[in-house]
Amino acid sequence: MPYTIQTHKLTKTFNTLKAVDSLDITVEPGEIFGLLGPNGAGKTTTVSMLCTILKPTSGTATVNGYDLISEADKVRKSIGIVFQDPSIDDRLTARENLTMHANLYGVPASEQKDRIARILKLVELEDRADDLLRTYSGGMRRRLELGRGLIHYPKVLFLDEPTVGLDPQTRDHIWKYIKELKEAHDITVVLTTHYMDEADRLSDRIAIMDHGKIVVLDTPPALKETLEGDVVTVRANNIDALNKLVSHWLGLNQTRIVDGALEITVHNGKAALPRIMEIATQNNIYVESLISREPNLEDVFLHYTGRSIREDNSRELHGLAAAQRRAIR
Ligand SMILES: Nc1ncnc2c1ncn2[C@@H]1O[C@H](COP(=O)(O)OP(=O)(O)OP(=O)(O)O)[C@@H](O)[C@H]1O
Ligand SMILES: [Mg+2]
């Protein structure tokens, strides 16, 4: 089976900055491929090149068997794009907006009505289909954008941060649509996200990107298995002192403070708990809670990028919107 996407040393340079650096990836037909990485890692730039929005500086790629550069038109017609698009026209209704896009993509007039009805149903906007978009909430708009990206039944759907800024319930909904789409229409999905739970639950494979390169690429369970051992989280009245004591015991790279709690990577969580408790008690540190768990994607991310994605999240809304606007220009 040929790959749906294959890149060969795909590179984008802005002045001296290598935003995407010799990227070699393959995406299989029907898979959900997650691109995860801190702000500025090169996710949007990668997706923008694969969507033909940005021209690569060097390297090549094929999408649906078409060459990204010499067959850009064919690539464009075979893909759907859901970027955060502030250009959505407020003065149209959802149905009008979908019709406009159907025309843009050359969907035959005889099929438009049916398709639009199906898509409105899929994204649960049937009731509001004839209301002006001006009256839509953020989540409803995002659902419409998702529907819009599907109007020409693309083979590949590119989603750049599809759920950023949405409440958990709406995010859950969007995930459900993405999964349904993949199963019902056999669509291949490339998704960028900051949300670990999203990447974990949706992706068949995840590539963690940093500084324009893939740091690690595997299925979510395999990524988590690469971190051997457990993570112990301690809340206590004197976290800094406890951090010093524990890192003296285990080594410097094994501990970090996240959201005011001490996180400790240990070989065996159960065995480590009494020892940590003992260290605290001997030093008059009061432990409020002590939990051992298996590593999650957040730990994987931290391990491979040296950064917590939570540090990035506070900046995400500003950074993201600005970076995307730049990337699209
Ligand atoms: N048009 C542009 N001109 C100059 N630099 C750019 C342009 N677009 C992106 N960059 C830079 O390229 C790097 C990668 O940006 P990109 O938007 O791809 O990151 P990202 O991984 O999508 O980040 P985020 O998580 O913030 O969306 C960043 O350093 C960014 O500042
Ligand atoms: Mg981005």
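This one's a predicted model, so the numbers in the text were calculated from it and none came from an experiment.

## Remarks on the sheet that holds strand β9 (residues 188–193)
In space, the six strands of this open sheet follow the order β7-β8-β9-β4-β10-β11, with mixed pairing throughout. Unpaired on one side and paired on the other, β7 (79–82) and β11 (213–218) mark the two borders of the sheet. Between one strand and the next, the sheet's axes are offset by a mean angle of 15°, whatever the strand orientation. Two elements, strand β8 (residues 156–160) and β9, share five bridges in a ladder whose sense is parallel. Its bridge partner being in β9, Leu157 is matched across the sheet by Val189.

## Here's the deal with the packing of helix α9 (residues 239–250) against helix α10 (residues 269–282)
Two numbers describe how α9 lies on α10: the axes approach to 10 Å, and their chain directions differ by 130°. By the angle between their axes, α9 is oblique relative to α10. Between α9 and α10 lies a crossing whose hand is right-handed. Contacts between α9 and α10 pair Leu242, Leu245 and Trp249 from the former with Ala272, Arg275, Ile276, Ile279 and Ala280 from the latter.

## Details of the site of ligand 1
Inspection of the region around ligand 1 gives 15 residues, with Asn39, Gly40, Lys43, Thr44 and Thr45 positioned closest. At 2.8 Å from an oxygen atom of ligand 1 is found a main-chain nitrogen or oxygen belonging to Gly40. Backbone polar atom of Ala41 to an oxygen atom of ligand 1: 3.1 Å apart, as the coordinates give it. Of all the secondary structure elements, the ones that give two or more residues to the shell around ligand 1 are β2 (17–23), α1 (43–50) and α12 (309–328). Looking at the shell around ligand 1, its residues break down into seven nonpolar, six polar and two charged.

## Examining the pattern of salt bridges
This structure, assessed with the given rule, holds 20 salt bridges. One salt bridge in this structure joins Arg141 and Asp90, with 2.9 Å as the shortest N-O distance. On the criterion of sequence distance, the pair formed by Arg141 in helix α5 (residues 138–148) and Asp90 in the loop between β7 and α3 (94–104) is long-range, its members being 51 residues apart. Residue classification places Asp90 among the partly exposed positions, given a relative accessible area of 29%. Arg115 serves as the salt-bridge partner of Glu111, at 2.7 Å between the closest nitrogen and oxygen. Residue Glu111 and its partner Arg115 are both found in helix α4 (residues 109–122); the two are separated by four residues, about one turn of the helix. Classification of Glu111 as partly exposed rests on a relative accessible area of 34%. Taken together, the shared-partner salt bridges connect Arg256, Glu263, Arg293 and Asp299 into one network.

## Here we look at the domain arrangement of the protein
Taken domain by domain, the protein comprises domain 1 (5–224 + 314–328) and domain 2 (228–294). Once you take the C-alpha centre of each, domain 1 and domain 2 turn out to be 40 Å apart.

## Side note on helix α11 (residues 297–305)
Among the nine residues in α11, seven count as buried, and that is most of the element. Buried residues of α11: Leu297, Glu298, Asp299, Val300, Phe301, Leu302 and Thr305, and no others. Measuring from the side-chain oxygen of the N-cap residue of α11 to the backbone nitrogen of Glu298 gives 3.1 Å; that N-cap residue is Asn296.

The rules behind these values
- Residue positions are given per chain, counted from 1 along the sequence in the order it is written.
- Throughout, the order in which chains and ligands are written sets their labels, letters from A for the former and numbers from 1 for the latter.
- Local features in this predicted model are restricted to residues whose pLDDT is 70 or higher, and side-chain atom pairs enter the listing and the counts only when it is 80 or higher, whereas totals over whole chains, interfaces and linings include all residues.
- The basis for every side-chain value is the complete set of heavy atoms in the structure, and neither hydrogens nor water enter the calculation.
- Strand pairing requires that DSSP identify at least two bridges connecting the strands.
- Helix and strand definitions here come from DSSP, where helices need a minimum of 4 consecutive H or I residues and strands a minimum of 2 consecutive E residues; each element is numbered from the N-terminal end.
- Geometry is summarised by axes, namely lines fitted to C-alpha atoms with helices restricted to the contacting stretch, and by angles between N-to-C directions that run from 0 to 180 degrees.
- Oblique is the label for any angle not covered by the other classes, which are roughly parallel (under 35 degrees), roughly antiparallel (over 145) and roughly perpendicular (65 to 115).
- Helix crossings fall into two classes, left-handed where the near helix is turned counterclockwise from the far one by less than a right angle and right-handed where it is turned clockwise.
- Any two residues whose heavy atoms approach within 4.5 Å are treated as being in contact.
- Put simply, a residue is near a molecule or strand once any heavy atom of it comes within 4 Å of that molecule or strand.
- Residues adjacent in sequence count toward polar contacts only when both atoms are side-chain atoms; beyond that, a polar contact is any pair of N or O atoms within 3.5 Å, and within protein one must be able to donate a hydrogen and the other to accept it.
- In this count, Pro and Cys sit with the nonpolar residues alongside Ala, Val, Leu, Ile, Met, Phe, Trp and Tyr, while Asp, Glu, Lys and Arg are called charged and the others, Gly among them, polar.
- One side-chain nitrogen of Lys or Arg within 4 Å of one carboxyl oxygen of Asp or Glu is enough to make a salt bridge.
- Only protein chains enter the accessibility calculation, which uses a 1.4 Å probe. A residue is then buried if its area is under 20% of the maximum for its type, exposed if over 50%, and partly exposed in between.
- Residue ranges assigned to the domains are those given by an automatic or database domain assignment.

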